[in-house]
Amino acid sequence: MRLTILTTMLLAVITAASCSKQNDTDKETAPPVDTTNFVSRTTGVTFQEVGHPKGVTDYVLQIPASYNQKKAAKWPVIIFLHGIGERGNDLNKVKNAGLAGIAAKDPDFPFVLISPQCKTDSWWDVPSLTILYNEILEKYNVDSSRVYLTGLSMGGYGAWAWALSAPEKFAAVVPICGGGTPSKACVLKTKPVWAFHNADDPTVNVRESRNMVNAIRDCGGTLVKYTENPTGGHNAWTKAYSDPALFTWLKAQKL
């Protein structure tokens, strides 16, 4: 009996060791991620030019501090569209505005952040932004299934317009104190959208956001979120962009 028990235990040990060795072998033979074409980038905030621009020629870029160490990583992207006050040819205006200004304080901000600048007396136009979008996917080590779009005021209008025009490009959209075209809102009924507005906004009437959110819901959309603060004036973005819950929600969205 003792011999039988010892034999059984020995076989169990041999089998376990064999399985462990097989698992180790499997791990060792897993194909490595090809980083041959990885290009190191200056981390933090830099000013960049669009390679083949149309209307948008320049943008503020923020690269996470660990970008060059994590060569195999595909980073999520946020494209931030500023408001009317940051138009022109001075990227410092964009650098300090809205999400760009808040994210710049965090070198480990876990997204590649792209903040283009709209020229003086112009408006956000989809063809120019599409050129930038394509360049981002080609130039940086990013995940095309996790590109997020946001904007404030004029940029909120731009975010709605671009999302309505090309919903397939974005995993989620965050328009802040802007407005869109409710009659076209049904294209966003399956798109994660989180809109923000203040009820007492004196610059862009809160109905602009309410109408878009209601139009999506009327189409059967269940993925739209809406945060309306009773006060705060036009600035609904500082509170929105300072809330970690927004970025937790963004990271959970994927095409």
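For the structure given in this document, a descriptive report is provided here.

Rules of the game
- Residues numbered from 1 in each chain as written.
- Predicted model: local features only at pLDDT ≥ 70, side-chain atom pairs only at ≥ 80, totals over all residues.
- Heavy atoms only, no water.
- Helix = DSSP H or I, 4+ residues; strand = E, 2+ residues; numbered from the N terminus.
- Expected span 1.5 Å × (residues − 1).
- Buried < 20%, exposed > 50% of the residue type's maximum accessible area, 1.4 Å probe, protein only.
- Contact = heavy atoms within 4.5 Å.
- 1 Å grid on protein atoms, 1.4 Å probe; cavity = no way out; pocket = protein on both sides within 12 Å on 5 of 7 lines; lining within 4 Å.
- Points joined across faces, edges and corners; volume = space filled by probe spheres on them.
- Nonpolar A, V, L, I, M, F, W, Y, C, P; charged D, E, K, R; others polar.
- Salt bridge = Lys/Arg side-chain N within 4 Å of Asp/Glu carboxyl O.
- Core = buried A, V, L, I, M, F, W, Y, C linked by side-chain atoms within 4.5 Å.
- Disulfide = S-S within 2.5 Å.

A word on helix H5 (residues 154-165)
Phase 1: With 12 residues, H5 extends 16 Å from end C-alpha to end C-alpha; this agrees with the ideal 16 Å at 1.5 Å per step.
Phase 2: Buried residues dominate H5, accounting for 9 of its 12 residues.
Phase 3: Where the residues of H5 are buried, they touch strand E3 (75-81), helix H4 (126-139), strand E5 (142-152), strand E6 (172-176), strand E7 (193-198) and helix H6 (207-218).

Examining empty space enclosed by the protein
Phase 1: Summed over all chains, the structure comprises 1 cavity of 30 Å³ or more.
Phase 2: Surrounding the largest cavity, Val45, Val60, Leu61, Gln62, Lys95, Ala100, Ala104, Leu113 and Ser115 form its lining.
Phase 3: A total of 3 residues in the lining of the largest cavity trace back to one element, the largest contributor, which is strand E2 (residues 58-63).
Phase 4: Residues belonging to the lining of the largest cavity are distributed by class as follows: 6 nonpolar, 2 polar and 1 charged.

Digging into unusual backbone geometry
Phase 1: Backbone geometry at aspartate 121 places phi at a positive 60°, although glycine is not the residue there.
Phase 2: Locating aspartate 121 in the fold gives a position in the loop between strand E4 (112-116) and H4.
Phase 3: Positive phi is not limited to glycine here, since cysteine 177 has a value of about 40°.
Phase 4: Checked against the element boundaries, cysteine 177 lands in the loop between E6 and E7.

Here we look at the pattern of salt bridges
Opposite charge on two side chains makes pairing possible when the charged atoms of those side chains draw close.
Phase 1: Under the criterion given, the structure shown has 3 salt bridges.
Phase 2: One salt bridge in this structure joins aspartate 143 and arginine 146, with 2.9 Å as the shortest N-O distance.
Phase 3: Given a relative accessible area of 14%, aspartate 143 falls into the buried group.
Phase 4: Here glutamate 228 and arginine 210 are joined by a salt bridge, their closest N and O atoms 2.7 Å apart. Here arginine 210 lies in helix H6 and glutamate 228 lies in strand E8 (residues 224-229), a separation of 18 residues in the sequence.

Things to note about the layout of surface pockets
Phase 1: Taken as a whole, the largest pocket spans an internal volume of roughly 270 Å³.
Phase 2: Lining the largest pocket are 17 residues, with Asn37, Phe38, Lys74, Tyr140 and Asn141 positioned closest to its centre.
Phase 3: Considering every element that reaches the lining of the largest pocket, the biggest residue donor is H4, with 3 residues.
Phase 4: The residue makeup of the lining of the largest pocket, split by class, is 8 nonpolar, 3 polar and 6 charged.
Phase 5: Those elements that provide at least two residues to the lining of the second largest pocket are helix H3 (98-103) and helix H8 (244-251).

Digging into the nonpolar core
Phase 1: Membership of the largest hydrophobic core comes to 41 residues, with the highest contact counts inside it found for Ile79, Val112, Ile114, Tyr140 and Leu149.
Phase 2: Sorting elements by how many residues they give to this core places H5 first, with 6 residues.
Phase 3: The residues contacting isoleucine 114, other than those within four sequence positions of it, are Tyr59, Val60, Leu61, Val77, Ile78, Ile79, Phe80, Leu132, Ile136 and Tyr140.
Phase 4: Counting residues in hydrophobic clusters, the runner-up holds 25 residues, among them Leu99, Leu152, Ala240 and Tyr241.

A closer look at the state of the cysteines
Phase 1: All told, the structure shown has 1 disulfide when counted by the stated rule.
Phase 2: Each disulfide pairs two cysteine sulfurs, and for cysteine 186 the partner residue is cysteine 219, the sulfurs being separated by 1.8 Å. Judged by the sign of its S-S torsion, about -65°, the cystine formed by cysteine 186 and cysteine 219 is left-handed. Placement of the pair is cysteine 186 in the loop between E6 and E7 and cysteine 219 in the loop between H6 and E8, with a sequence separation of 33 residues.
Phase 3: On the basis of relative accessible area, cysteine 186 is assigned to the partly exposed category, the value being 40%.
Phase 4: Residue classification places cysteine 219 among the partly exposed positions, given a relative accessible area of 22%.

Nothing here speaks to function; it is all geometry.
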